[in-house]
Number of protein chains: 4
Amino acid sequence: MIGHGFMGAAHSQGWRVAPRFFDLDAAPIMQVVVGRDAAAVAADAHKWGWAESATDWRAVIARDDIDIVDIVTPGGSHAEIALAALAAGKHVLCEKPLANTVAEAEQMADAAAAALARGVFAMTGFTYRRVPAATFARDLVAAGKLGRIYQVRASYLQDWLSDPEAPLAWRLKKELAGSCALGDIGAHAIDLAQFVTGFRLTSVSGIIETLVHDRPVSAGASERGAVTVDDAALFTGRFDSGVLGNFEATRFATGRKNALRLEVSGTNGALSFDLEDMNSLQYYDATAADGLRGFTKIQVTEPVHPYTANWWPAGHIIGYEHGFSHQAKDFVDAITSGNQPSPSFADGLQVQRVLAAVEASSANGSAWTSTA
Amino acid sequence: MIGHGFMGAAHSQGWRVAPRFFDLDAAPIMQVVVGRDAAAVAADAHKWGWAESATDWRAVIARDDIDIVDIVTPGGSHAEIALAALAAGKHVLCEKPLANTVAEAEQMADAAAAALARGVFAMTGFTYRRVPAATFARDLVAAGKLGRIYQVRASYLQDWLSDPEAPLAWRLKKELAGSCALGDIGAHAIDLAQFVTGFRLTSVSGIIETLVHDRPVSAGASERGAVTVDDAALFTGRFDSGVLGNFEATRFATGRKNALRLEVSGTNGALSFDLEDMNSLQYYDATAADGLRGFTKIQVTEPVHPYTANWWPAGHIIGYEHGFSHQAKDFVDAITSGNQPSPSFADGLQVQRVLAAVEASSANGSAWTSTA
Amino acid sequence: MIGHGFMGAAHSQGWRVAPRFFDLDAAPIMQVVVGRDAAAVAADAHKWGWAESATDWRAVIARDDIDIVDIVTPGGSHAEIALAALAAGKHVLCEKPLANTVAEAEQMADAAAAALARGVFAMTGFTYRRVPAATFARDLVAAGKLGRIYQVRASYLQDWLSDPEAPLAWRLKKELAGSCALGDIGAHAIDLAQFVTGFRLTSVSGIIETLVHDRPVSAGASERGAVTVDDAALFTGRFDSGVLGNFEATRFATGRKNALRLEVSGTNGALSFDLEDMNSLQYYDATAADGLRGFTKIQVTEPVHPYTANWWPAGHIIGYEHGFSHQAKDFVDAITSGNQPSPSFADGLQVQRVLAAVEASSANGSAWTSTA
Amino acid sequence: MIGHGFMGAAHSQGWRVAPRFFDLDAAPIMQVVVGRDAAAVAADAHKWGWAESATDWRAVIARDDIDIVDIVTPGGSHAEIALAALAAGKHVLCEKPLANTVAEAEQMADAAAAALARGVFAMTGFTYRRVPAATFARDLVAAGKLGRIYQVRASYLQDWLSDPEAPLAWRLKKELAGSCALGDIGAHAIDLAQFVTGFRLTSVSGIIETLVHDRPVSAGASERGAVTVDDAALFTGRFDSGVLGNFEATRFATGRKNALRLEVSGTNGALSFDLEDMNSLQYYDATAADGLRGFTKIQVTEPVHPYTANWWPAGHIIGYEHGFSHQAKDFVDAITSGNQPSPSFADGLQVQRVLAAVEASSANGSAWTSTA
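Residues numbered from 1 in each chain as written. Chains lettered and ligands numbered in written order. Predicted model: local features only at pLDDT ≥ 70, side-chain atom pairs only at ≥ 80, totals over all residues. Heavy atoms only, no water.

Trainee: Would you take a moment to explain the interface of chain B and chain A for this structure?
Mentor: Reports often express the size of an interface as the amount of accessible area lost when the parts come together. Counting residues at the interface gives 45 residues for chain B and 44 residues for chain A. Carbon and sulfur atoms make up 49% of the surface buried where chain B meets chain A, a total of about 3,200 Å² over both sides. The three residues of chain B that bury the most area against chain A are Tyr 150, Gln 151 and Thr 254 of chain B, which together make up 19% of that side's buried surface. For the pair chain B and chain A, the interface holds six salt bridges. Taking the shortest distance from any N to any O, the salt bridge between Glu 248 of chain A and Arg 153 of chain B comes out at 3.0 Å. At the surface where chain B touches chain A, the tally comes to 23 residue pairs in polar contact (both at pLDDT 80 or more). (Contact = heavy atoms within 4.5 Å. Buried area = accessible area lost by both parts, 1.4 Å probe. Salt bridge = Lys/Arg side-chain N within 4 Å of Asp/Glu carboxyl O. Polar contact = N/O pair within 3.5 Å; in protein donor to acceptor, adjacent residues only side chain to side chain.)

If you want it as structure tokens, here you go:
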């Protein structure tokens, strides 16, 4: 694993837990975690249960005993590491967004396509697809339960920047993060909407903004630095099906901590999901009997639901981290079965193009901009 | 009262009930209701408790014993009736949207301004402002409880057109309704957002669409007619404060029956309202003690809340119709106290300009369009 | 109408509104309201739209132009007035609880039975049955949607006595109110549970308590008086079907303003109702497809639901007061059609017996006590 | 670890995960899991990451390399194993209920007291105390945020027996489970209510029932066996503070999957918790400003909340299993710091006495029965 921030902890838990709840054809070994600060990465490796730590990711990638490279660094370094890892014949799991630019993402997708021909797999880490309620939503749409889809609403609302004195984190610097509200959380909203509906966004009209322009360089510091990314993004998207979607990503939705929301409306029903209540799915069956229609709060914890048979009895919920457990399981399954995992780097690239189109639209007076 | 559809029933209940719960300086007399079909209007007049019915609104407006003209007809006839009524020296309450075009609305606002100089009042019927939770939301914002406002989310979600076989109502014909999702329900979202924040939209970028293009001319009919209005509208608006707002109005939000929603996010807190749960307001106090923050569901039924001291004990809710009761009360109060009621026709005109700007933006590739 | 407190306002609204929304075969005339304080009752009569006021209820009952006597006084005077009114051949609507003692209630039920033989009707005012969601719940149970019923949970939670300095209202004096938490709100929980299930409580085991023993005689007064009634009641009841019910009535449920709640669980499903959200009903269909089960929040505002076709479009809610509107409608319908209205005085007596059995059980160490 | 059913999986996850998120002074080693079926226990040991498996728990307890014995067998075997383990000088964590009888639990508590004198610790596994929202509720009560407590409502509602054809699990046999609704889930409701309030139940009046008397011996079997335990329990309890509590435990609450609920009402506020939404706590602050009071839904995921600083960012929830992670952490902390862990075996015995008192009360016509 390259990187050891918050995502490192989450991925570690995924690798640790997946084989204990799912029957995998190969047990992942948590071998080495790589970071720039030798002491810090050693501490995290020990804490998280990795056998070793290291500071030179190139050396690690070159090792014969490493089969999988899991990239959890900031987006600006994804391309370089992923390209090297794929070249070295390692299966690569890369955090989203795939890269900070479309050009980088294209290189990565190309490399992944080439690697695939050699039996080497690459996957983009959109873990929220693997929340059981989200996967189940996709299944219901795919089964036609919603009929013709009319509209999509997707938003990712957080509030950790509502305080104008919240410090200047790396996610607020363009050179590291590329994009903030749009790329970090908007990317999840885009992927989830596309995943659940099976549609792809073909054009967008939107606006990105920076609401707070400078912040303390660290908590309580008097020195201030410039916020060089967007911290809020709003856009309307047209899917290949012709359907319109309403998108918002913001870190100024005071009181909303982690509200990735999706609502899909169709002739025969609707689905509504909120990550803050991630173990349930709201389902409206427009074909139910007169007088009995309404949104049904399904606790997506029954054995029949995706992934849940391997967890606890009905009504016993799972937490945020198990999107990563399911991702680890699915990636291992893909490798052992020889099937391309999903979402691929090409899928990650497509999301990257949507992000770029939103930025371009914003720079061009919200003109409709193709994602092609 | 001119007109006797669904709005006629609601307005009648407002006039009937207001003096029974509020101390008014003048008791409204429900004298005459006007409609085109003599038998039908007579039946409704009797049912709703009006003393008389009539078919010639001009004759009614000319009567000396009529002080107030309440217009609840489709939007296309608002201007003609309102202008005549104001000219005849009658106080006028006109349903929203004020008119079907900006030009008509301008005439009406001009006439209202002229009438005001003669002590004659005109008011636009945005009743949702008078739902206690909405008025209370405005009060909290005005009192600075939210601090600097960052963002606004407003939507009005209904689903009565989700069924593609729902018949072609008058609201779906441009010549009568002017606009459907945008003008009928979007107008409420615009007014509510502006009312609660005290901001005015200065420019918009958006899109309106017709999702179902033809429908049965009546329930179950084989003959179909064209839907000539929008049935869904999405737009982003910039307020005079610089704040961005995300707006959606649709009649295809399957399962959402009457979800006029508003969320306002600020440095110090947030408010969230949903008309489907109209007796409560969600309030997030970002200044509350660490660990105790969260959205508080305030039951807006306490004596300290707007209008509610005149109703029932705390926790005993009121219904949809009492926006109209409060409107009747406030209009009578304005007349008896000699103060211009709010929202004025000028306020109605301003909303009309926003609607027109959204339509223009939609016709122009979602280009940002001024509401001036 | 005899009495003019809070219930007087609610009943008045019911009489006023019912004929405007429902087609009645006879239009009720709001003739005279009776109270002890001539000035106060005159003011209320005028405010509420009654033609006259009076101070001598016996004289009013004797009048030939009075057909219906509506009793909204404290429970201690119900029997005397109701007996006199029935003797005078008037139809009687009496607020719940029917009386302060079983003996009084028995007299009233006997008198009602005798009056019925003369075509004179008596009805007990359990209005919450007539909240559309409650009536609909009864309909679903009656239609067998829940299968065999296993359990019932009923509670009425309020908090207006949570403040130990809340003043000593008449409801806290035994001579006027008879009982407080148990008789005033517990009676509603009992009636609602019996109404929805169709079961009757045959025995109970419970406890009543007084949590705050003395209170200021009026708001802010230094003089304190004794609370001579229960202010909280908990009991378990056995229905004639063998099913157990869990009951609680309290005015110390801090933060709960008007939470009359009922949950009924059966082999095939469950229903859950909360008066604080009185326009919706939660329904769990245990026979729904695997993976799709969950509580469905039905907005009980569709034309197919009880009473609602006469109100507003779907999703437009009604308020507390319209239980009284529906009661007025149903009482007039019963009279004009010559059918005994429900709940009868005998039904009111049965609830009275349950209340008495709970008190007796409490006095006897919570021993199981028959309601017969 | 002795036992390897569902609780075994949960405990294993707790032991595995605790040291990865919390800084422990000693890292637990998952050495050996014991079961009767050698093949099955070997498979589970491998799956769950234990180094070894065994079938003879006495032999394992005798091993020098074993410091902690974790008992997750059915209640009937707790006493024998725990007594042996304590005698062997092992620290013991024992699942709840502590035993199947008070006599066994007394022996265990005595043994634990004796062991404590030798520096050997014993703990009862009421893990729901360690859900952050529950621990936080306790903290708020202890800090006096609720003022004088008036009432307690506690229930544990599940529905896995609603289907009368659900098979006869071991939990339905008295010889194995001792008690079902009361002992298995009612025990949690009792412990949680006592833990959060700091009160102890001193007497109870209640009833236990068996709603379905026979069931298929296995899924789909035609042979049926008798249910020899209660499957629903209702009781009222008196705490040492004088406060009354309303308790219910049932497996017939159709649609409720895992609803352990607690509501505590006081002069200054109230708390409401539901395990189905275990990452949040509803808090009503009766001292908040007029007009702003209401239940606040606190997402108990902030760093300031119990245990949560070691998990994910605010709004990122944790799952059911981490009550076990926190239990593992707290037990290790207790051992390494030399402090008696809580809840002790004496605490477990006290709950056992409450369970026994409810059974005795039920057998004695719901007479009030002391828990002493």
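Trainee: For this particular structure, what's the right way to read the state of the cysteines?
Mentor: Simply put, the disulfide is a covalent bond whose two ends are the sulfur atoms of two cysteines. Within this structure, the stated rule accounts for zero disulfides over all chains. With no disulfide partner, Cys 94 of chain C has as its closest neighbouring cysteine sulfur the one in Cys 180 of chain C, 18 Å distant. (Disulfide = S-S within 2.5 Å.)

Trainee: Would you mind showing me how to read the side chain of Gln 151 of chain D here?
Mentor: With respect to the helices and strands, Gln 151 of chain D occurs in strand β6 (residues 149–157). Judged by its relative accessible area of 3%, Gln 151 of chain D falls in the buried class. A polar contact is formed between the side chain of Gln 151 of chain D and the side chain of Thr 250 of chain C, at a distance of 2.5 Å. With near-sequence residues (within four places) excluded, Gln 151 of chain D lies in contact with Leu 211, Ala 232, Leu 234, Glu 248, Thr 250, Phe 252 and Ala 253 of chain C together with Val 243, Leu 244, Glu 263, Val 264 and Ser 265 of chain D. (Helix = DSSP H or I, 4+ residues; strand = E, 2+ residues; numbered from the N terminus. Buried < 20%, exposed > 50% of the residue type's maximum accessible area, 1.4 Å probe, protein only.)

Trainee: What should I look at first to understand the relation of the copies chain B and chain A in this one?
Mentor: Each of the two chain copies goes to the other by way of a rotation about an axis and a shift along it. Of the two same-sequence chains, chain B is brought onto chain A (RMSD 0.0 Å, axial shift 0.0 Å) by a rotation of 180 degrees. Here the transformation between the copies is reduced to the relation of a two-fold axis. When C-alpha distances to the rotation axis are compared across chain B, the minimum falls at Ala 367 of chain B, with a value of 3.0 Å. Of the residues that chain B buries at the interface, 98% are likewise interface residues in chain A, meaning the two copies contact each other through the same surface. (Least-squares fit on C-alpha atoms with pLDDT ≥ 70 in both.)

Trainee: Help me understand the relation of the copies chain C and chain A, please; the structure alone is not making it clear to me.
Mentor: The transformation that overlays chain C on chain A combines an axial shift of 0.0 Å with a rotation of 180 degrees, and the residual RMSD is 0.0 Å. A symmetric contact is evident, with 100% of the interface residues of chain C recurring at the interface of chain A.

Trainee: Even after reading the chapter, I still don't get unusual backbone geometry, so can you show me in this structure?
Mentor: Leaving glycine aside, a negative phi is the common case for residues, and trans is the common case for peptide bonds. With omega at 0 degrees, the peptide bond leading from Ser 342 of chain A into Pro 343 of chain A counts as cis. Checked against the element boundaries, Pro 343 of chain A lands in the loop between α9 (322–337) and α10 (345–363). Between Lys 96 of chain D and the following residue, Pro 97 of chain D, the backbone shows a cis peptide bond with an omega angle of -15 degrees. By the element assignment, Pro 97 of chain D lies in the loop between β4 (91–95) and α5 (102–117). Of note in this structure, Tyr 307 of chain D is not a glycine but carries a positive phi near 70 degrees.

Trainee: Can you help me understand the packing of aromatic side chains in this one?
Mentor: Geometry of an aromatic ring pair is reported as the spacing of the ring centres plus the angle between the planes. With the rule as written, the count across this model stands at 64 aromatic pairs over all chains. Judged by centre distance (6.3 Å) and plane angle (50 degrees), the ring pair of Phe 6 of chain B and Trp 312 of chain C falls under tilted. Note that Phe 6 of chain B is positioned in helix α1 (residues 6–21) and Trp 312 of chain C in the loop between β15 (295–299) and α9 (322–337), a pairing that runs across two chains. Relative to Trp 312 of chain B, the ring of Phe 21 of chain B lies with its centre 5.4 Å away and its plane at 75 degrees, an arrangement referred to as edge-to-face. Remark: Trp 312 of chain B occurs in the loop between β15 (295–299) and α9 (322–337) and Phe 21 of chain B occurs in helix α1; sequence separation between them is 291 residues. This pair shows no difference in class: Phe 21 of chain B is buried, exactly as Trp 312 of chain B is. Ring pairing ties together the aromatic residues Phe 6, Tyr 128, Tyr 156, Tyr 320 and Phe 324 of chain A together with Phe 21, Phe 22, Tyr 307, Trp 311 and Trp 312 of chain D, which thus form one cluster. Against the face of Phe 295 of chain A rests Arg 256 of chain B, its NZ or CZ located 4.0 Å from the ring centre. (Phe/Tyr/Trp six-rings, centres within 6.5 Å; stacked < 30°, edge-to-face > 60°. Lys NZ or Arg CZ within 6 Å of the ring centre and 35° of its normal.)

Trainee: Help me understand the pattern of salt bridges, please; the structure alone is not making it clear to me.
Mentor: Side chains bearing opposite charge may pair, as long as their charged atoms lie close to each other. Within this structure, the stated rule accounts for 96 salt bridges over all chains. Close ionic contact of Glu 302 of chain A with Lys 257 of chain D constitutes a salt bridge, the shortest N to O distance being 3.8 Å. Of this pair, Glu 302 of chain A sits in the loop between β15 (295–299) and α9 while Lys 257 of chain D sits in the loop between β11 (244–250) and β12 (259–266), placing the two residues on different chains. The pair formed by Glu 302 of chain A and Lys 257 of chain D is uniform in burial state, with each residue classed as buried.

Trainee: Any chance you could explain the pairing of strand β11 (residues 244–250) of chain C here in plain terms?
Mentor: Every other side chain in a regular strand lies on the same face of the sheet, so the side chains alternate between the two faces. Residue and element names in this part refer to chain C. When you tally the buried positions in β11, you get seven out of seven residues, the bulk of the element. Neither face of β11 is exposed, since Leu 244, Asn 246, Glu 248 and Thr 250 on one face and Gly 245, Phe 247 and Ala 249 on the opposite face are all buried. Across seven bridges, strand β6 (residues 149–157) lies against β11 in parallel orientation. From the neighbouring strand, Gln 151 faces β11, where its bridge partner is Leu 244. Connecting strand β10 (residues 232–239) to the next strand, β11, in antiparallel fashion are four residues, including Gly 242 with a positive phi near 95 degrees. (Pairing = 2+ DSSP bridges.)

Trainee: It is not clear to me how the side chain of Gln 158 of chain B should be interpreted in this structure. Could you clarify?
Mentor: Looking at the element boundaries, Gln 158 of chain B is found in the loop between β6 (149–157) and α7 (174–177). A distance of 3.0 Å separates the side chain of Gln 158 of chain B from the side chain of Arg 251 of chain B, its partner in a polar contact. Only 3.0 Å separates the side chain of Gln 158 of chain B from the side chain of Asn 258 of chain B, close enough to count as a polar contact. Gln 158 of chain B has contacts with Ile 185, Thr 250, Arg 251, Phe 252, Ala 253, Arg 256, Lys 257 and Asn 258 of chain B together with His 316 of chain C, leaving out every residue within four places of it along the chain.

Trainee: I would appreciate a short explanation of helix α8 (residues 181–197) of chain D in the present structure.
Mentor: Residues and elements named next belong to chain D. For α8, with 17 residues, the first-to-last C-alpha span of 23 Å sits near the 24 Å given by 1.5 Å per residue. The sharpest bend along α8 comes to roughly 35 degrees, located at Ala 187. α8 sits mainly inside the fold: 17 of its 17 residues count as buried. Backbone geometry just downstream of α8 places Gly 198 in the positive-phi region, at approximately 80 degrees. (Expected span 1.5 Å × (residues − 1). Bend = angle between axes of the 7 residues up to and from the residue.)

Trainee: How do you make sense of the environment of Ile 2 of chain C when you look at a structure like this?
Mentor: Residues and elements named next belong to chain C. Within the element layout of this structure, Ile 2 appears in the segment before α1 (6–21). Assessed through its relative accessible area of 4%, Ile 2 is described here as buried. Along the sequence, Ile 2 and Thr 267 sit 265 residues apart, while their C-alpha atoms lie 46 Å from each other. Setting aside its immediate chain neighbours within four residues, Ile 2 contacts Val 34, Trp 57, Val 69, Asp 70, Ile 71, Val 72, Thr 73 and Ile 81.

Trainee: It is not clear to me how the pairing of β10 of chain C should be interpreted in this structure. Could you clarify?
Mentor: Residues and elements named next belong to chain C. Most of β10 sits inside the fold, with seven of its eight residues counted as buried. Pairing of strand β7 (residues 201–209) with β10 involves eight bridges; the strand directions are antiparallel. Considered in β10, the bridge of Ser 205 is made with Thr 236. Where β10 meets β11, seven bridges bridge the pair, whose relative direction is antiparallel.

Trainee: How do you make sense of the environment of Gln 158 of chain C when you look at a structure like this?
Mentor: The exposure class of Gln 158 of chain C is buried, given its relative accessible area of 4%. It is 26 Å that separates the C-alpha atoms of Gln 158 of chain C and Tyr 284 of chain C, two residues lying 126 residues apart in sequence. When residues no more than four places from it in sequence are discounted, the contact partners of Gln 158 of chain C are His 316 of chain B together with Ile 185, Thr 250, Arg 251, Phe 252, Ala 253, Arg 256, Lys 257 and Asn 258 of chain C.

Trainee: Where do I start with the sheet that holds strand β5 (residues 122–125) of chain B in this structure?
Mentor: Pairing between the strands of a sheet comes from backbone hydrogen bonds, and it takes one of two forms, parallel or antiparallel. Residues and elements named next belong to chain B. Taken in spatial order, the three strands line up as β3-β4-β5 in an open sheet, and their pairing is parallel. Each of the sheet's edge strands pairs with one partner strand only, and the pair in question is β3 (68–71) and β5. Adjacent strand axes in the sheet meet at a mean angle of 15 degrees when their direction is disregarded. Relative to strand β4 (residues 91–95), β3 is paired through four bridges, and the arrangement is parallel. (Axes fitted to C-alpha atoms, helices over the stretch in contact; angles between N-to-C directions.)

Trainee: Looking at this structure, how should I read helix α4 (residues 78–87) of chain A?
Mentor: An α-helix turns once per 3.6 residues; consequently, residues spaced three or four apart project the same way. All names here are of chain A. Of all the residues in α4, the buried ones are His 78, Ala 79, Ile 81, Ala 82, Ala 85 and Leu 86. Taken end-on, α4 shows its buried residues confined to a sector of 170 degrees, consistent with a single buried face. At its buried positions, α4 is contacted by α3 (57–61), β3 (68–71), β4 (91–95), α5 (102–117), β5 (122–125) and α10. Following α4 by one or two positions, Gly 89 adopts a phi angle in the positive range, close to 80 degrees. (Arc of directions from axis to C-beta.)

Trainee: How should the packing of helix α4 (residues 78–87) of chain C against helix α5 (residues 102–117) of chain C be read in this particular structure?
Mentor: When two helices pack together, their arrangement is given by the angle between their axes and by how far apart the axes lie. All names here are of chain C. At their nearest, the axes of α4 and α5 sit 10 Å apart, and the two run at 15 degrees to each other. The angle between α4 and α5 places the two elements in the roughly parallel class. Between α4 and α5 lies a crossing of left-handed hand. The segment α4 lies against α5, with His 78, Ala 79, Ala 82, Leu 83 and Leu 86 engaging Glu 104, Gln 107, Met 108, Ala 111, Ala 112 and Ala 115. For the contact of α4 with α5, the per-class residue count stands at eight nonpolar, two polar and one charged. (Parallel < 35°, antiparallel > 145°, perpendicular 65-115°, else oblique. Left-handed = near helix turned anticlockwise from the far one by under 90°. Nonpolar A, V, L, I, M, F, W, Y, C, P; charged D, E, K, R; others polar.)

Everything listed is a geometric property; what it means functionally is a separate question.
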